Amino acid sequence: MRRSSYGPLRTGPFVRAPSYGPLRTDAVRPGGPFHTPPTVLDRPLLFIAGGLPVHRDGRLIGAVGVGVGGGSPEQDHASATAAIDALVRERRVARPCPPCHVGYGGHGHMMRKPKRHRRVHTIATAGVAALVTLALPGCTAASDEVRTPGPATPARSGPATAPPAAAPTPPAPPSPTYALSTAPRTIPAVREHQPARGPGWKPAPQARVLVAQDDTAALSDEARLLAGELGLQYGEAAAPRAGDVELSVEGTGKPESYTLTVKDGRVRINGPDEAGVFYGTRTLKQAVRASGSAPEGTVRDAPAKPQRGLNLDIARKHFTPDWIKNRLREMADLKLNQLGLHLSDDQAFRIQSDSHPEIVSTPHLTKAQVRDITALASRLHITVVPEIDSPGHLGAVLRAHPDLQLRDVNGRAVKGAVDISNPASAELIDDLLREYRPLFPGGAWHLGADEYQALVVRDPQASFPQLARAAQERYGPSARVQDLATGWLNDRADVVRPSGKALKAWNDGFFAGGVTSAAEDIQVEYWTGKEIGARPPLEYLREGRKLVNLNDEYLYYVLGEPNQFTYPTGRRIYEQWTPLVLRGTTPVPASYDGQILGGRLAVWADLSGAQTQDQVAAGIRMPLAALSQKVWDARTPQLSWADFQALAGRL
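In this report, the structure presented in the accompanying data block is examined. (Residues numbered from 1 in each chain as written. Predicted model: local features only at pLDDT ≥ 70, side-chain atom pairs only at ≥ 80, totals over all residues. Heavy atoms only, no water.)

So, on to the sheet that holds strand S15 (residues 297-301). Backbone-to-backbone hydrogen bonds join strands into a sheet, with any given pair of strands oriented parallel or antiparallel. Across the sheet, which stays open at both edges, the 7 strands sit in the order S9-S15-S13-S14-S12-S10-S11 with mixed pairing between neighbours. Unpaired on one side and paired on the other, strand S9 (192-195) and strand S11 (233-236) mark the two borders of the sheet. With strand direction ignored, the average angle separating the axes of adjacent strands in the sheet is 15°. Bridge analysis of S9 against S15 gives 4 bridges, and the strand direction is antiparallel. When the sheet's bridge partners are listed, glutamate 192 is paired in S15 with arginine 300. Running over the sheet, helix H3 (residues 216-230) touches strand S10 (208-211), S11 and strand S12 (245-249) and is turned about 165° from S11. (Pairing = 2+ DSSP bridges. Helix = DSSP H or I, 4+ residues; strand = E, 2+ residues; numbered from the N terminus. Axes fitted to C-alpha atoms, helices over the stretch in contact; angles between N-to-C directions. Contact = heavy atoms within 4.5 Å.)

Summed over the entire model, instances satisfying the criterion amount to 33 salt bridges. For the salt bridge of lysine 285 with glutamate 229, the shortest nitrogen-to-oxygen distance reads 3.1 Å. Taken together, the residues lysine 285 in helix H4 (residues 274-291) and glutamate 229 in helix H3 connect sequence positions 56 residues apart. Residue class for lysine 285 comes out buried when judged on its relative accessible area of 6%. Arginine 497 is the partner of aspartate 494 in a salt bridge, and the nearest nitrogen-oxygen pair spans 2.7 Å. For aspartate 494, a relative accessible area of 44% corresponds to the partly exposed category. One connected set of salt bridges, linked through shared partners, spans Glu229, Arg282, Lys285 and Asp333. (Salt bridge = Lys/Arg side-chain N within 4 Å of Asp/Glu carboxyl O. Buried < 20%, exposed > 50% of the residue type's maximum accessible area, 1.4 Å probe, protein only.)

Below, the discussion takes up the environment of arginine 289. For arginine 289, the location among the structural elements is in helix H4. The exposure class assigned to arginine 289 is partly exposed, which follows from its relative accessible area of 43%. For the pair arginine 289 and arginine 185, spaced 104 residues apart in sequence, the C-alpha to C-alpha distance is 9.2 Å. What arginine 289 contacts, discounting residues up to four positions off in sequence, is Asp333, Arg650 and Leu651. Of note is the side chain of arginine 289, whose polar atom sits 2.8 Å from the backbone oxygen of leucine 651. (Polar contact = N/O pair within 3.5 Å; in protein donor to acceptor, adjacent residues only side chain to side chain.)

All right, on to unusual backbone geometry then. The omega torsion of the bond from threonine 362 to proline 363 falls at -5°, within 30 degrees of zero and hence cis. On the secondary structure map, proline 363 appears in the loop between strand S17 (338-342) and helix H6 (367-379). Between serine 390 and proline 391 the backbone carries a cis peptide bond, its omega angle lying at 10°. In the Ramachandran plot, glutamate 256 falls in the positive-phi region, its phi being about 70° despite a non-glycine side chain. Take glutamate 256: it is sitting in the loop between S12 and strand S13 (258-263).

What follows covers the pairing of S15. Summarising burial for S15: 4 of the 5 residues are buried, a large majority. Bridge count between S13 and S15: 5 bridges; the pairing is antiparallel. Pairing of threonine 261 across the sheet is with threonine 298, part of S15.

Okay, the side chain of glutamine 629 next. The residue glutamine 629 is located in helix H14 (residues 613-632) in this model. On the basis of relative accessible area, glutamine 629 is assigned to the buried category, the value being 5%.

Structure representation (structure tokens):
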């Protein structure tokens, strides 16, 4: 009896041709996943190797065998083994089944007269395979369990005796079968995942993060960061091998989009820009953190909104540079891309100034610290958006320059407001804008313009006659104080615009019904409809303006919760808010979705001592995570809030 590397001889029940008749190999179910067109063998089948299980969706639906014949037993056995290996390589079968064996059989007189037939080696591969169904009782090929082969069994057909077997070789370990993969668990969730069967990918000690030579300048920071996070090596222009992660800028698609493919033991991340590739690395990092590995298959992902982020009031409360940098890292993993810094207010002016050092408060950010923050932000594909708010919220500046204070008709000082009819007010603010413009290399600038107190009284013209006169001198006899305020906003925009930065202002700095209007390229940062003179969001949208959502109903984290503010919860944002909900709880029509650029969570330090830095960080963690989900994909999330919270805890 023969033994083989696939176990002892097994003579039945083979699918056999009638005596000397042709054998048809169409026994595999037609239309099945491994069906081979019928093949007729014009030579007797002397050797059958089997059975290799056929699986579909994790179920055993049959098995296939390999037929060869015409040579010596040793040659036929070698041919069968090669055929099985070919089937496995071509993925026509799931894996060898250890308890299913190689058999050697046929009609005895054929064994005695082999010269009647010329040698035939029919190797079962695609297109020319001789596949036969083997009914193998007790075969549990869907299991990963390995059985011990049973004793040799005598052949049932023909008196021929097989030659002595060669020394047995150890059986190859079984190749595992894999269920169809599921999407990686990340925050925000990926928008599209094409599943596949395979082991996925997990970090290995010798694995590398590779960057093609042409992409080294663009992606070396991203690659080094990922390598450090996952304990991998970093490599440039090296040939990829199993376990590696490859990064490249290539292809077309939306800005910040990426494709992440896990296949053949490697990960490939590419996108049309550096930011997209970076977000692909965030997906890989989170997938590994969530479950230890990245699933087989392909992720295709892109944000729904181009602006996604956090706004931080560092004027009323000093936040340390390290704390700010930690928030940047947290934001980057959530694929958020904007950090707004509110630098000036009535309480303090928190950034070093060389042009006007007299206005700077202690403590404050030095320019070196700002450069360090913006450099890290740039590596994490986050734009730092500075805000020097004016003509209101300038109390800290006015303490050093009381001559610029706005006063009403009775001589009373108006808190935080500069007199915009005084040219010296504009000169000071423009000095600051020009000084800070190169310090913040990002692509956006916030001009403020909110809550100018001259416009919250019943009759601004009567209360501030100097402003009314200045408006009429500039814009004609029909002009009002609001027109002068609009002119102030446009003049500050003219100072910043040559830098190419996108311009922003708060929604209550845009007025209707005046003789002049705010420049069309200034984005509306919509935060409230509660202020006097504030308008509902539809009015801005109907004018064709672009809006960013900072809805104070959901997205305002105000320290101490004054003025009926309450700390936002991640759950409310996750379950109720979308970028269309600009004011209160009612969304604007979906037809305006394209004009809404995104949203930010805003931290305001009205009562700065109400929370420590650490408490603020803990308090905004889940609201920020929920925001990231809804600006990346505003559709109803698949995870429940409880599952989302649990995932956030693992990440």
